[in-house]
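Chain by chain, the residues run as shown.
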Amino acid sequence: MSATRSPKVSERVAPKGADPQPQKKKRDDDDGPDFATLLRAWIESHRASLLDSLRRLGKQPVGSFFTCMVMAVALSLPMGLSLLLGNVDRLGGSWQRAAQISLYLQIDASPTEGEALREQIKGMPGVAEAEYVGRDQALEEFQQQSGLGEALKELPDNPLPGVVLVTPDQVDKPALEALRQKLSELPKVQQAQLDLVWVERLAAILKLGDRFVFGLTVLLVSALLLVIGNTIRLHIENRRTEIEVIKLVGGTDSYVRRPFLYMGALYGFGAGIFSWGLLAFGLDWLNDAVVGLAGLYGSDFALAGVPVADGLSLLLGAVLLGYIGAWIAVARHLRELAPK
């Protein structure tokens, strides 16, 4: 027999399923890139798309300029009308004076009682201002305005009563009627008169203006979407081959869409800047005529410029319109650009 011992079977043959060395756990990096890497890649992709859109617009400065100007004119019309209505609202004092409630006092009401009544009315809710006109002052004003000064001097007594002119704080027919009814019940008040027909006409005019601006805005916004959509469509057609190659090698729809969305937003930004400038220039040019007309009526009214808040809203709205128009145009043609 051999002097050497043969190894045990258990040492020569490893049991099935046994693992002589434990396997190392997989590294966390095998799960994919971390969030910071993905964020940097996302930012770089958007930066490249923005720069590419700027470069392509810069290659066609004349076409880009006129496209922005067409959009700016379409934006300026409804915004300009809205600003003009806002300037008309600044004449609130004039509208309120046109809707004044005239309180005719009793003939025996003294000036002291009239002043006390004015103070009482001035503190009531819904009243912006109250003014007392005495009998002598009323007669003097009537003589000047009627042209019957000499004839009125022959009257033995002053037939005109004292008047309290009440200016409401808002031009609203139901509120004015309720205020008139309340004032008519005050002591020493013989009659409370309000020209509701004029108030109704004024409210109808303002309502018509609001509806006209709204309808014009809807029409011009639709026209803007068509303009930006047609412009983006031309850019898509010029890059059709490039886009088909990108999709052929696995480019996603969002990757293809991104440069055109930036392009639409840039068109909108340029249109917003031009529109802001047009409105500022137009209101300044129109203001000279308005100041001259207001001066003939003894008023110092002047048109206000474009408020910063309204200008920023206009700029943001133009960018959103450009973005939405580009999205609609790309979504429509994206299915046609699939590789065949």
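One can find the structure itself at the top, above this paragraph.
Rules used in this analysis
Residues numbered from 1 in each chain as written. Predicted model: local features only at pLDDT ≥ 70, side-chain atom pairs only at ≥ 80, totals over all residues. Heavy atoms only, no water. Helix = DSSP H or I, 4+ residues; strand = E, 2+ residues; numbered from the N terminus. Buried < 20%, exposed > 50% of the residue type's maximum accessible area, 1.4 Å probe, protein only. Arc of directions from axis to C-beta. Phe/Tyr/Trp six-rings, centres within 6.5 Å; stacked < 30°, edge-to-face > 60°. Lys NZ or Arg CZ within 6 Å of the ring centre and 35° of its normal.

1. Some remarks on unusual backbone geometry
Then, in step 1: If you check the backbone angles, K188 has positive phi at about 70° while not being a glycine.
Then, in step 2: Of note, K188 is situated in the loop between α8 (173-184) and β4 (189-194).
Then, in step 3: Judged by relative accessible area, which is 28%, K188 ranks as partly exposed.

2. Things to note about helix α10 (residues 240-248)
Then, in step 1: For α10, the set of buried residues is I243, I246 and K247. End-on, the buried residues of α10 take up no more than an arc of 95°, which puts them together on one face. Along α10, the residues that are exposed and aim more than 90 degrees away from the buried face are T241 and L248.
Then, in step 2: The first or second residue beyond α10 is G250, which carries a positive phi of 105°.

3. Some thoughts on the packing of aromatic side chains
Ring pairs (aromatic) are described by centroid distance and by the angle formed between their planes.
Then, in step 1: In this structure the tally under the stated criterion is three aromatic pairs.
Then, in step 2: Taken together, a centroid distance of 5.5 Å and an interplanar angle of 80° make the contact between F65 and F274 edge-to-face. With a gap of 209 residues between them, F65 in helix α3 (residues 61-89) and F274 in helix α11 (residues 253-296) connect regions that are remote in the sequence.
Then, in step 3: The partly exposed category is assigned to F274, whose relative accessible area is 29%.
Then, in step 4: Taking NZ or CZ as reference, R257 lies 4.5 Å from the ring centre of W327, over its face.

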